[in-house]
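Here is what each chain is made of, one letter per residue.
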Amino acid sequence: MTKLLIVDDEADIRELERMLLTSYVDEIIEAENGQEALSMMDQEVALIIMDYMMPKMNGVDAVKEIRKSYSVPILFISAKGQEYDKIVGYSAGADDYLVKPFSPQELQLKVQAMLRRYLNYSSSQIQTNQSINIRDMVLHPETRKVILADQEVTLTGKEFDILQLLAESPAHVFSAEAIYEAVWQEPYFYSSSSTIMTHIKKLRQKIEKDPKKPQYILTVWGVGYKIEQ
């Protein structure tokens, strides 16, 4: 059973999203703010649509809390459409961002794509059951867990996807465009580069002893990123 959690303090927005998306999941549940959303989380939630500005607990704080326990994909929907706002959203742990007012078709396409990737990963256990070893870091694709120096590292879904992509082809240099199109499975645009940079920065904060002097995820200036064995 798959559930969609819609989080927005405006009832008419929640109703619109419910009408547009009801055919894509088994059940839709709704929350009026971040605090209520946290109380409704469980393993059956397959996607979260999160508003940015809400009373009691805003979307950014709610996503940060959710990411402590869940890797479920999260789509931010907000009237705040500046690049800085998107970077804040991605840094909190969101997987994608949609600016109000949005096209109903664009929302449906994004939701379809995010659900398809998440459910395919869940059912097929990410293509392989073999672990990936990079020095003292081990990726377990079947459980989407990362163990670093015998300690588990909690990553978002997109962070894990990027790390796995790089780790499966050590020493290969991936451009930002290649990473984006492989992980997001959408056409790359110039603005997508900030999305990649933000996710790489968050990954380094989680797996590097000194994120400013990375030993795992290396930058090849003017080309892209790679992992060295």
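Residues numbered from 1 in each chain as written. Predicted model: local features only at pLDDT ≥ 70, side-chain atom pairs only at ≥ 80, totals over all residues. Heavy atoms only, no water.

Under the annotation held in an unreviewed UniProt entry, the chain carries the name DNA-binding response regulator and is attributed to Candidatus Enterococcus ferrettii.

Observations regarding the UniProt feature "domain: Response regulatory" (unreviewed entry) in the chain
In this structure's numbering, the residues bearing the UniProt feature "domain: Response regulatory" (unreviewed entry) are residues 3–115. Summarising residues 3–115: 42% helix, 23% strand, and an end-to-end C-alpha distance of 10 Å. (UniProt positions renumbered as here; feature names shortened; annotations may be inferred. Helix = DSSP H or I, 4+ residues; strand = E, 2+ residues; numbered from the N terminus.)

Looking at empty space enclosed by the protein
Tallying each qualifying case throughout the model produces one cavity of 30 Å³ or more. The volume enclosed by the largest cavity comes to roughly 110 Å³. Along its surface, the largest cavity is lined by 11 residues, and P73, Y118, G157, K158 and D161 are the ones closest to its centre. For the lining of the largest cavity, the secondary-structure elements that each account for two or more residues are α5 (104–124) and α6 (157–168). Element by element, the count of residues in the lining of the largest cavity is highest for α5, at four residues. Taken together, the residues that form the lining of the largest cavity break down as four nonpolar, two polar and five charged. (1 Å grid on protein atoms, 1.4 Å probe; cavity = no way out; pocket = protein on both sides within 12 Å on 5 of 7 lines; lining within 4 Å. Points joined across faces, edges and corners; volume = space filled by probe spheres on them. Nonpolar A, V, L, I, M, F, W, Y, C, P; charged D, E, K, R; others polar.)

Overview of the packing of helix α4 (residues 83–92) against helix α8 (residues 192–207)
As a packed pair, α4 and α8 sit with axes 9 Å apart at the nearest point and diverge in direction by 35°. As for the relative orientation of α4 and α8, their crossing is right-handed in sense. Taking contact as the criterion, the partners of E83, I87, Y90 and S91 in α4 are, on α8, S194, T195, T198, H199 and K202. (Axes fitted to C-alpha atoms, helices over the stretch in contact; angles between N-to-C directions. Left-handed = near helix turned anticlockwise from the far one by under 90°. Contact = heavy atoms within 4.5 Å.)

Structural notes on the side chain of K100
Relative to the helices and strands, K100 is located in the loop between β5 (96–99) and α5. Exposure remark for K100: the relative accessible area of 18% places this residue in the buried category. Beyond its immediate stretch of four places on either side in the chain, K100 contacts D8, D51, I77, S78 and A79. (Buried < 20%, exposed > 50% of the residue type's maximum accessible area, 1.4 Å probe, protein only.)

Observations regarding the sheet that holds strand β6 (residues 132–134)
In spatial order, the strands read β6-β7-β8-β9; together these four strands make up an open sheet with antiparallel pairing. The open sheet terminates on both sides in strands that have one partner only, identified here as β6 and β9 (151–153). When the angles between neighbouring strand axes are averaged without regard to direction, this sheet yields 25°. Where α6 meets the sheet, it contacts β6, β7 (137–140) and β8 (145–148), and its direction lies at approximately 110° from that of β7. (Pairing = 2+ DSSP bridges.)

Digging into the side chain of D8
Tracing the backbone through its elements, the reader meets D8 in the loop between β1 (3–7) and α1 (11–21). The class of D8 is buried, set by a relative accessible area of 1%. If we ignore the near neighbours within four places in the chain, the residues touching D8 are I13, R14, A31, E32, D51, M54 and K100.

A short note on the nonpolar core
Across soluble globular proteins, nonpolar side chains have a tendency to be buried as a group. Counting 28 residues, the largest nonpolar core has M137, L163, I179 and I217 as the members making the most contacts within it. Taken together, the elements giving at least two residues each to this core come down to β6, β7, β8, α6, α7 (176–183), α8 and β11 (224–227). In this structure, I179 is in contact with I162, L165, L166, F174, W184, I196 and Y225, ignoring residues within four places of it in sequence. The next biggest cluster of nonpolar side chains, apart from the first, holds 23 residues, and it includes V45, M50, M54 and F76. (Core = buried A, V, L, I, M, F, W, Y, C linked by side-chain atoms within 4.5 Å.)

Section: the environment of A31
Inspection of the secondary structure puts A31 in strand β2 (residues 27–31). Residue classification places A31 among the buried positions, given a relative accessible area of 1%. A sequence separation of 25 residues divides A31 from I6, and the C-alpha atoms of the two residues are 6.3 Å apart. Residues in contact with A31, not counting those within four places in the same chain, are L5, I6, V7, D8, R14, E36, A37 and M40.

Topic: the sheet that holds strand β3 (residues 45–51)
Within the open sheet, the five strands sit side by side as β2-β1-β3-β4-β5. Their pairing is parallel. Each having just a single partner strand, β2 and β5 make up the two edges of the open sheet. Taken over all neighbouring pairs, the strand axes of this sheet differ in orientation by 20° on average, direction set aside. Looking at chain direction, β1 and β3 are connected through five bridges and run parallel.

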